[in-house]
Amino acid sequence: MGEIISLETKELALKLFRQGLRARKISETLGLDRSHVKEWQYLYDGGDTRWVSDQPVQRARTITAGQRAFIVSAYRSGALSMADLCRGFALSKSVVKCWVRDGAYPDDRRAKADQRSSKKTQGSGGQEQALGNLYRCLAAGGDRSSKKKILRTFAAGKKAGFPITLMLRELRVPRTNYYRWLKNPDGKREPELTRRIREIQESNSFNIGAKRMAQMLRNEGLAVNHKHVARIMSENGLHAKQKIRKHPKDYYRKKKRRASELPGNILRRDFTAGEPGKRLVTDITCLRTDSGWCFLSAVKDLFNREIVAYATSRSLDMNLVMDTIGELKMHFPTLENAVIHSDRGWTYTNPQFVSLLRRERAIQSLSAKGDCWDNASMESFFSTMKSETVHHLGSNRISYAEMVLLVQNYIKYYNQERISKALNWMSPIQYRKNHS
């Protein structure tokens, strides 16, 4: 029992619990003593995850002799399960099993002392009996809704003469939560909030995360917290899709190479700009359609994260990047002294592209070979676009024309409507107008 278990191992065990695995399988998988994992399982089943910490669990209070007697009798009679006792009294399973084995009182002297204590307890209103009634009510609650069960438990405890303050401390319920639930037991506001979140998700054909959703609700005048919104979205299947890693973690790091004859990295991963059109990043991505690939080339302004130019093509050739720069020249009157950063793909190291940038008096900047982090800002945009659009298509394939229309609609939405915390909860175009 003196084994020290790392925080990483405990977090992995919690993840496996959430996947539906039980103590036997987890202990075999992680090579842990089953008694440890079994105790964690009791606490996890009761909603207690304090064991996932590199610090020992702080017990709420000292257990009196009368409470120990109640614990033993409640377990032996079947009134409360081991999980209920461990959770309710903040005890480990091994301690409760030891008490059940040895009995409520280890010696006669302790028993006599408790008899005197019980007389005082009966004279003061029977708080130990009220405590037993309180936990029996908690264990016998048929409704799985924790809010309703706790309210019913407090009502029974008040009838037994148990003080509210003591019940709050015993069940570790914040006082503000209890009185808010008491005032609104049915939670009428939450269905309305859920309905509004669902309407926003359905009205926007693209993925919206909890923080962005919370800010949109605050813009409508609703006082909500992003954690509350995240819980509602998760419970109702409205949460944002998680981004999927395309390559192993060290894939690009292992491919990293140096090429001294090409332009260096001027940005050096500093993806900020003081004014529009001075620091730009560009890249190409591919989108699968039912008739092949759709290649998308885009340019992003680091000042406000706006997509200032883009072009699509059925084939990856020089015309794609040349057309993108042509669109960029229509957006900005001149590219002189503008830093244009990209990776070291063959299109960007081609003499035709290099000559074009020199004629426009732009400054070319290139990432290190195989180092995607040097162009992380542009890679992030493509990842966000795919996670909010094409990843929702699943195995379905759309035509090339539909894909081009999807890209056009998303970039328009991204520039004009999609708010971002990095831009003070404004869209890129709105941010540019406010700083012009």
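Now for a description of the structure that goes with this document.

Scoring rules and cut-offs
- Residues numbered from 1 in each chain as written.
- Predicted model: local features only at pLDDT ≥ 70, side-chain atom pairs only at ≥ 80, totals over all residues.
- Heavy atoms only, no water.
- Helix = DSSP H or I, 4+ residues; strand = E, 2+ residues; numbered from the N terminus.
- Buried < 20%, exposed > 50% of the residue type's maximum accessible area, 1.4 Å probe, protein only.
- Contact = heavy atoms within 4.5 Å.
- Areas by Shrake-Rupley, 256 points an atom, 1.4 Å probe, with all protein chains shown as cover.
- Pairing = 2+ DSSP bridges.
- Polar contact = N/O pair within 3.5 Å; in protein donor to acceptor, adjacent residues only side chain to side chain.
- Axes fitted to C-alpha atoms, helices over the stretch in contact; angles between N-to-C directions.
- Phe/Tyr/Trp six-rings, centres within 6.5 Å; stacked < 30°, edge-to-face > 60°.
- Arc of directions from axis to C-beta.
- Expected span 1.5 Å × (residues − 1).
- Salt bridge = Lys/Arg side-chain N within 4 Å of Asp/Glu carboxyl O.
- Core = buried A, V, L, I, M, F, W, Y, C linked by side-chain atoms within 4.5 Å.

Moving on, we come to the overall build of the chain. Along the backbone of the chain there are 21 helices and 5 strands. Taking all 436 residues of the chain together, the buried fraction comes to 42%. The long-range share in the chain, meaning contacts at least 24 apart out of those at least 6 apart in sequence, stands at 62%. Counting only carbon and sulfur atoms, one obtains 48% of the accessible surface of the chain, whose full area is about 24,800 Å².

Attention now moves to the pairing of strand β1 (residues 279-289). For β1, a buried count of 9 out of 11 residues is recorded, marking the element as mostly surrounded by other parts of the structure. As paired elements, β1 and strand β4 (residues 339-342) share 3 bridges and run parallel to each other. From the neighbouring strand, Val-281 faces β4, where its bridge partner is His-341. Sheet topology places β1 next to strand β2 (residues 292-301); 10 bridges connect them, and they run antiparallel. In the strand pairing of β2, Thr-289 is matched with Gly-292.

This brings us to the side chain of Asn-304. Take Asn-304: it is sitting in the loop between β2 and β3 (306-313). Polar contacts involving the side chain of Asn-304 include one to the side chain of Glu-306, which spans 3.0 Å. Of note is the side chain of Asn-304, whose polar atom sits 2.9 Å from the backbone oxygen of Pro-428. In this structure Asn-304 touches Leu-423, Pro-428, Ile-429, Tyr-431 and Arg-432, once residues within four positions along its chain are discounted.

Strand pairing in a sheet relies on backbone hydrogen bonds. The paired strands run either parallel or antiparallel. Spatially, the 5 strands line up as an open sheet ordered β3-β2-β1-β4-β5, and their pairing is mixed. Looking along the sheet, the strands with just one partner apiece sit at the ends: β3 and β5 (363-366). Each strand of the sheet is rotated relative to its neighbour by a mean of 25°, with strand direction disregarded. Here 7 bridges tie β2 to β3, and the two strands are oriented antiparallel to one another. Looking at the pairing, Ala-298 lines up with Tyr-310 of β3.

On to the packing of aromatic side chains, then. Both the distance between ring centres and the angle between the ring planes are used here to describe each pair of aromatic rings. This structure, assessed with the given rule, holds 9 aromatic pairs. Ring geometry for Phe-303 versus Tyr-431: centroids 5.7 Å apart, planes at 55°, classification tilted. Taken together, the positions of Phe-303 in the loop between β2 and β3 and Tyr-431 in helix α21 (residues 428-434) put the pair 128 residues apart, joining distant regions of the chain. No difference in accessibility class separates Phe-303 from Tyr-431, as the two residues are buried. A centroid spacing of 5.7 Å and a plane angle of 50° characterise the contact between Phe-381 and Phe-382, whose relative ring orientation is tilted. Neither Phe-381 nor Phe-382 differs from the other in exposure class; each is buried. An aromatic cluster is defined as three or more aromatic residues linked by ring pairs; in this entry it consists of Phe-381, Phe-382, Tyr-410, Tyr-413 and Tyr-414.

This part takes up helix α18 (residues 351-359). Residues Phe-353, Val-354, Leu-356 and Leu-357 constitute the buried set of α18. Taken end-on, α18 shows its buried residues confined to a sector of 160°, consistent with a single buried face. For α18, the exposed residues set more than 90 degrees away from the buried face come down to Pro-351, Arg-358 and Arg-359. Packed against the buried residues of α18 are α16 (318-331), β4, α17 (346-349) and β5. Of the residues that open α18, the one with a side-chain oxygen 2.8 Å from the backbone nitrogen of Gln-352 is Asn-350. Directly after α18, the chain includes Arg-361, whose backbone phi takes a positive value near 60°.

The terminal C-alpha atoms of helix α3 (residues 34-45), which comprises 12 residues, lie 16 Å apart, in line with the 16 Å expected from a rise of 1.5 Å per residue. Residues of α3 that are buried include every one of His-36, Val-37, Glu-39, Trp-40, Gln-41 and Leu-43, and no others. Between a side-chain oxygen at the N-terminus of α3 and the backbone nitrogen of Ser-35 the separation is 3.1 Å; the capping residue is Asp-33.

In this fold, Asn-337 is placed in the loop between α16 and β4. Taking the C-alpha atoms as reference, Asn-337 lies 9.6 Å from Gly-277; in sequence the two are 60 residues apart. Asn-337 has contacts with Lys-278, Arg-361, Ala-362 and Ile-363, leaving out every residue within four places of it along the chain.

The next thing to look at is the pattern of salt bridges. Within this structure, the stated rule accounts for 10 salt bridges. Across the pair Glu-199 and Arg-196 runs a salt bridge, and its minimum N-O distance is 3.1 Å. Here the residue Glu-199 and the residue Arg-196 both occupy positions in helix α12 (residues 189-203), the gap between them amounting to 3 residues, near one helical turn. Classification of Glu-199 as partly exposed rests on a relative accessible area of 40%. Among the ionic pairs, Glu-336 bridges to Arg-361, the shortest N-O distance being 3.8 Å. Of the two residues, Glu-336 is situated in the loop between α16 and β4 and Arg-361 in the loop between α18 and β5; the sequence distance between them amounts to 25 residues. Note on Glu-336: relative accessible area 36%, which makes it partly exposed.

A word on the nonpolar core. Across soluble globular proteins, nonpolar side chains have a tendency to be buried as a group. If you look at the biggest cluster of nonpolar residues, it comprises 40 residues, and the most contacted ones within it are Ile-197, Met-213, Leu-217, Val-229 and Phe-381. Counting only elements with at least two residues in this core, the list comes to α12, α13 (210-219), α14 (226-235), β1, β2, α19 (376-388) and α20 (400-416). Apart from the residues within four sequence positions on either side, Leu-217 is in contact with Leu-193, Arg-196, Ile-197, Ile-200, Leu-222, Val-224 and Val-229.

As far as function goes, none of this settles anything; it's purely spatial.
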